[in-house]
Amino acid sequence: MLGPVEVVRGGTVVAVGGAKPRLLLGVLLAHRGRVVPLDRLADALWGSSPPSTALATVQTHVSRLRRVLDDTPGGPRVETCAPGYRLTAPDDAVDAARFEAGLARAQALLATDPRGARDEAEAALAEWRGPAFVEFSAEEAVRTEAARLDELRTVAQELAVDARLACGEHRGVVGMLEALVDEHALRERFWAQLMTALARSGRQAEALRRAQELRRMLRDELGLDPSPAIRALERDILTEREGLVHDAPATAPTAPVSPRHDELLGRDDQLALVRGLLADGRLVTITGPGGVGKTRLALELAATTGTADGVRVVELAPVHGSSSVTGAVAGALELQRRPERSLEDSIVDVLAGRSLLLVLDNCEHVLDGVAPLVGRVLRHCPTMRVLATSREPVGLPGEITWSLPPLPVPASSEVTLTELRDSSSVALFAVRACAARPGFVVDESNRREVAEICRRLDGVPLALELAAARVRSLTCADLADRLDERFRLLAGIRGRDPRHHALVDVVTWSYDLLTDAEQELFARLSVFAGAFDLPRVEDVCAGRVLDRGDVAVVLAGLVDKSMVVATESAGRMRYRLLETLRAFGRARLEEHGDTAVWRRAHAASYLRSARAAAEELHGAREVDGVRSFERDLEDLREAVRRSLALAADGTSTADLDTAMGLVAAVREFGIRTLRGEVFRWAAAASAVPGAPGRPLYAVVRAVVGYGSFVRGALAEAVEQAQEAEEAAGRLGVPTLGLAERVAGNALFYLGYPDAAVRAMDRMVAAAEATGVDGLIAHASYMSSVARTSTGGAGALGAAAAARRAAVRCGNPTALAMADYAEGLARERTDPDRAVALLQESAELAASVDHRWLHAFARTEELSVRAKRGELDAAVVGFRDVVDTWFRGGDWANQWLSLRHLFGVFVALGEDELAALLHGAIQAAGATTALPFEPADAADIQEMVDVLRDRLPGFDAVVARGGALPDAEVVRLTLERLDAGRRQDRAVLACTASRTYGASPGARSS
């Protein structure tokens, strides 16, 4: 009611409908608790010419309104009461009721507790967003209530000023009163308050001049004289009655600024930086999003900065209109308008020759008034310095603009307690939470939740403080679980600047200062999940009312107004929205009703770039493809999720095709970086109704199969690979060799080498059919590995074919695979050359961040070096390899590495751990995985026999190992590798030569 008629849920405006439904709501609100007859509602909506269906239409509007209000627990309700309807609502659910209750409390406190009255009055006034029923105030049905509320608002403003004057804040209210007398020229009470504030500020001459202005206006416009109260006040000022005299000289603005009592946490570096900027420049503007701490930092600087003539702070947040800025500055400086000079001239005259720091706080809504005044001051007062805080720059030549970043947040929710305590965002949250609930500490019981809260609130101090205040009634886990509803959760905190009572107020203040085009682009940008660049914004967000050629300018405006964060990376500018701003933007996009349009545009854009990056993964510019995927991963993830959600309704196959296209494009990147989420995406996409008939089903189903293989579900992997090959045949589409690759790997582990080799041959044929050399190199490498592992002929020939294809495409991964295949094939005949090739393979893989291939090549290299007696190197190297496989969830290669380590531990004399590993490997079915030559099996049996002779209770230890979970086996292994115990080198070498054969171990690829 106190502004536009709105229904707000959780800080977000809920769409009620068009003008008629909103007017209906306004009429019912204006008569809250009273029955409004149906015919009067019709008159309100259509006047003297209602349509024949008016009554029925009113009933329809009421039904829709009820649906909106019924979703607001404890909120308003529309009741049917003959002969019409009645709106009922608890007082705390209606802004006007909250305002009137706050005003009543302020009135009751004024005589005994002026500070309490001030706080209550300002909190009540913070409920207002504009004139009451602003768009309907002229409508007869609401006019009386609107006028009543507007009058109460003015009463509350008078009371708030009275309270501030009683608190001694006469200087601080002058600027606000200047604006109020302009707005309410016939309201004598404001004139009296302004005269009082001026007189108490030592500006008696100006107070008397104001009395003369009021007298002239009343005489000229109304033929009246001022009231007796005004005339009495004028006499008191003339006679300097006690209470209206200020003993400080009005032209000596040297009063110090007191530091705030609460400690400024985590900002030491920023304080030093801004001090340095002030030393270098005369106008420094601290910008940043709402709630980031600009005011707090500026006040700390003001309190700790020494200048010859002191520091003055001008609070501009209460100032309404740029025309009132000069009055607010004059009030803070305690200066009077000089004879024959304007107030702005008087400011310049008084400040000329002074060395003073002027702090202008919260400039963004009155920049049209700030910029010209500051420009004049800096031109004519060469020893003056100005520090401004604003959500956008002042825009003057020579201005130094510095954006205050949020507080650093923990790297993840899994950081240690020690790392967490070093985080300034966590420190701020902990201090404020302790104030809300004494005894609160960050410890092991809540460290993950505290880290999550700080991360999801972007380290914005205001948001952290609002969240910490909730610790009084919620656990950290409760808070973290409810941050999706942050605007509802972080609201209603008293004792703050009215703009900061709730998180939504902070964002709304900034949003309302945007142009229409900026608001539109800001809402569309909320579809992004991570950082983005300008071409991406143009690709996704241009259209309808926003031309592509205008996007850059509008985006720059959002950056300037601190709604978008811009950072330079690798010579390109990247942009992002803080999560809180993104949530607000999404709510605005939903209000517009075209969320799906922009989400589809977002997904289509990222599908195009993912396909381009996937092609680069197979060519000479592989590293560019990797960087593209790494850069866009958050948005690729979001695009898949949204496309699957849109596809779920079954109305269109386009969204499903998009989701499948993203899975197919990202698959190799996901495999090489051990990202299991890609397999989950594939499973979700292939399960959507209608998926088996889509062109990419075969590839997506093969991705599901690869996921089954790496987690050890071998039979499922074979079945899913067969489904993929059958689907490809049925649909007449290529498999790209992925289905055959899955089948070959899984069949090796299941003990079907001949079938596995046939699958690899099909993979080579499928790759050659694509004509893509990167795929051909991969398939030839797989064929070579298969032939080496089975002892068959042709391994070196297949490795040579892989190298030829790799050289043609210049792809680092393809070259690494060719090195691996040749190194593996030469292990028995030329181990030195084999180690060199495997090392080269690992280095090439690392150069393009191919974590899977790097770990795979290292596994084989370390195995060969261990067989040569280099046990120290094997122990050190296998530690990282095992950890990589375990964290990446690659079951197959995890057990391959553990099987190699079994032999290492036997050689080191770690008999009990070796026996435990043997039992675990047997239980996992990995003893003869990826079948190797008979000599390999003989080597393992020889090591088992050695253990049986050396270790009492061998069978019991093996049984115990077979019962251990995977995670426990890996933990024990990593603990031993970390311990780094060594035996005599000669003994180790002798033992190694006795316990290891020369044949290669099993492999998965």
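Because the structure is a prediction, the values reported are computed rather than measured. (Residues numbered from 1 in each chain as written. Predicted model: local features only at pLDDT ≥ 70, side-chain atom pairs only at ≥ 80, totals over all residues. Heavy atoms only, no water.)

> For the overall build of the chain, give the residues involved together with the corresponding values.
For the chain, the count of helices and strands is 46 helices and 12 strands. In terms of overall dimensions, the chain has a C-alpha envelope of 115 × 75 × 55 Å along the principal axes. A burial count over the chain gives 55% of its 1005 residues as buried. Looking at the chain as shown, the accessible area adds up to about 40,600 Å², and 51% of this sits on carbon and sulfur atoms. (Helix = DSSP H or I, 4+ residues; strand = E, 2+ residues; numbered from the N terminus. Buried < 20%, exposed > 50% of the residue type's maximum accessible area, 1.4 Å probe, protein only. Areas by Shrake-Rupley, 256 points an atom, 1.4 Å probe, with all protein chains shown as cover.)

> Outline the packing of aromatic side chains, supporting the account with residue identities and numerical values.
According to the stated counting rule, one finds 15 aromatic pairs in the structure shown. Judged by centre distance (6.1 Å) and plane angle (80°), the ring pair of Phe429 and Phe440 falls under edge-to-face. Taken together, the residues span a long stretch of sequence, with Phe429 in helix α17 (residues 424-436) and Phe440 in the loop between α17 and α18 (447-456) at a distance of 11 residues. Pair check on accessibility: Phe429 and Phe440 agree, each one buried. Their ring planes at 75° and their centres at 6.0 Å tell us that Tyr781 and Tyr820 sit as a pair that is edge-to-face. Here Tyr781 is found in helix α35 (residues 773-790), whereas its partner Tyr820 is found in helix α37 (residues 812-825), with 39 residues between them in sequence. For the pair Tyr781 and Tyr820, a shared accessibility class is recorded, and that class is buried. (Phe/Tyr/Trp six-rings, centres within 6.5 Å; stacked < 30°, edge-to-face > 60°.)

> Give me the environment of Leu265: which residues, what numbers.
Relative to the helices and strands, Leu265 resides in the loop between α10 (228-238) and α11 (268-280). Taking the C-alpha atoms as reference points, Leu265 and Leu125, separated by 140 residues in sequence, lie 31 Å from one another. In contact with Leu265, not counting residues within four places along its chain, are Leu407, Ala427, Leu428 and Val431. (Contact = heavy atoms within 4.5 Å.)

> Lay out unusual backbone geometry in plain terms, naming residues and giving numbers.
Between Ala82 and the following residue, Pro83, the backbone shows a cis peptide bond with an omega angle of 10°. Mapped onto the elements of the fold, Pro83 is located in the loop between β4 (77-81) and β5 (84-88). Phi angles above zero are rare outside glycine, and Asp458 is one such case at about 60°. By the secondary structure assignment, Asp458 is in the loop between α18 and α19 (461-469). Take Asp458: its relative accessible area is 15%, and that puts it in the buried class. The residue Leu736 is not glycine, and still its phi comes out positive at about 65°. Its place among the elements puts Leu736 in the loop between α32 (714-731) and α33 (738-750). For Leu736, a relative accessible area of 27% corresponds to the partly exposed category.

> So what's going on with the sheet that holds strand β3 (residues 35-37)? Residues and values would help.
Read from one edge to the other, the open sheet built from 3 strands follows the order β3-β5-β4, with strand pairing classed as antiparallel. Strand pairing shows two members of the sheet lacking a second neighbour, β3 and β4, which therefore form its edges. Across this sheet, the average inter-strand angle for adjacent strands is 30°, counted without regard to direction. The pairing of β3 with β5 spans 3 bridges and is antiparallel. If you follow Val36 over to β5, its bridge partner there is Tyr85. Lying on the sheet, helix α2 (residues 38-46) is in contact with β3 and β5; it crosses β3 at an angle near 70°. (Pairing = 2+ DSSP bridges. Axes fitted to C-alpha atoms, helices over the stretch in contact; angles between N-to-C directions.)

> Give me the nonpolar core: which residues, what numbers.
Of all hydrophobic cores here, the largest spans 197 residues; its most connected members are Phe429, Leu525 and Tyr781. Apart from the residues lying within four places of it in its own chain, the contact partners of Leu525 are Phe532, Val537, Cys541, Leu555, Leu558, Val564 and Leu577. Counting residues in hydrophobic clusters, the runner-up holds 50 residues, among them Val14, Val58, Leu125 and Ala146. (Core = buried A, V, L, I, M, F, W, Y, C linked by side-chain atoms within 4.5 Å.)

> Describe in detail the sheet that holds strand β10 (residues 400-403), supporting the description with residues and values.
Taken together, the 5 strands give an open sheet; going across it, the order is β7-β8-β9-β6-β10, and neighbouring strands pair in parallel fashion. Two strands lie at the open edges of the sheet, namely β7 (311-315) and β10, each paired on one side alone. Looking at each pair of strands side by side, their axes are set apart by 15° on average, direction ignored. Across 4 bridges, the pairing between strand β6 (residues 283-287) and strand β9 (residues 385-389) is parallel.

> Talk me through the pattern of salt bridges; I want residue IDs and the actual numbers.
Scanning all chains against the criterion turns up 75 salt bridges. One salt bridge connects Glu520 with Arg524, and the closest N-O pair in it is separated by 2.9 Å. Taken together, the positions of Glu520 and Arg524, both in helix α23 (residues 516-525) and 4 residues apart, correspond to about one turn of that helix. Arg524 gets classed as buried once you look at its relative accessible area, which sits at 1%. For the salt bridge of Arg627 with Glu630, the shortest nitrogen-to-oxygen distance reads 3.1 Å. Taken together, the residues Arg627 and Glu630, both in helix α28 (residues 622-647) and 3 residues apart, mark about one turn of the helix. Judged by relative accessible area, which is 38%, Arg627 ranks as partly exposed. Using a relative accessible area of 31% as the deciding quantity, one classes Glu630 as partly exposed. Each of Asp832, Arg858, Glu861, Arg865, Arg868 and Glu870 takes part in one network of salt bridges that share partners. (Salt bridge = Lys/Arg side-chain N within 4 Å of Asp/Glu carboxyl O.)

> A description of the pairing of β5 should follow, citing residues and the corresponding values.
In this structure, β4 lies alongside β5, joined through 5 bridges in antiparallel fashion. Bridge pairing links Val78 to Leu87 in β5. Connecting β4 to the next strand, β5, in antiparallel fashion are 2 residues.

> Could you give me a rundown of the side chain of Asn446, with the residues and numbers involved?
Relative to the assigned elements, Asn446 resides in the loop between α17 and α18. Taking the relative accessible area as the measure of exposure, Asn446 reaches 10% and is therefore buried. In terms of polar contacts, Asn446 uses its side chain to reach the backbone amide nitrogen of Asp443, at 2.9 Å. In this structure, Asn446 is in contact with Phe440, Val441 and Cys476, ignoring residues within four places of it in sequence. (Polar contact = N/O pair within 3.5 Å; in protein donor to acceptor, adjacent residues only side chain to side chain.)

> Tell me about helix α6 (residues 140-166), and please be specific about residues and values.
Spanning 27 residues, α6 covers 40 Å between terminal C-alpha atoms, matching the ideal 39 Å at 1.5 Å per step. Gly168 occupies a position one or two residues after α6 and carries a positive phi of about 85°. (Expected span 1.5 Å × (residues − 1).)

> How would you summarise the confidence of the model for the chain if you had to cite specific residues and measurements?
Residues of the chain with pLDDT of at least 70 account for 92%, and the chain-wide mean is 85. Predicted confidence in the chain is weakest over helix α46 (residues 985-995), with a mean pLDDT of 41, and strongest over helix α24 (residues 534-541), with 96. Within the model, the stretch residues 246-261 combines pLDDT values under 50 with 35 contacts to residues more than four positions away or in other chains. Contacts from residues 981-1005, a stretch scored under 50 in pLDDT, to residues over four places away or in other chains number 86 contacts. (pLDDT = per-residue confidence, 0-100.)

> Describe the state of the cysteines, and please don't skip the residues or the numbers.
Applying the stated criterion across every chain, the model contains 0 disulfides. Here Cys434 is not disulfide-linked; the sulfur of Cys476 is the nearest cysteine sulfur, at 12 Å. Look at Cys434 and you get partly exposed, because its relative accessible area is 31%. Here Cys476 stays unpaired: no disulfide links it, and the sulfur of Cys454, its closest cysteine neighbor, is 9.1 Å away. Since its relative accessible area comes to 6%, Cys476 is described here as buried. (Disulfide = S-S within 2.5 Å.)

> Any details on the side chain of Arg588? Residues and values, ideally.
If you trace the backbone, Arg588 turns up in helix α26 (residues 579-592). What Arg588 contacts, discounting residues up to four positions off in sequence, is Thr12, Val13, Tyr511 and Ala523.

> Report on helix α1 (residues 19-30), specifying residues and quantitative values.
The end-to-end C-alpha distance of α1 is 16 Å, a good match for the 16 Å that 12 residues give at a rise of 1.5 Å each. Burial analysis of α1 places 9 of its 12 residues in the buried class, which makes it a mostly covered element. Within α1 the residues assigned to the buried category are Pro21, Leu23, Leu24, Leu25, Gly26, Val27, Leu28, Leu29 and Ala30.

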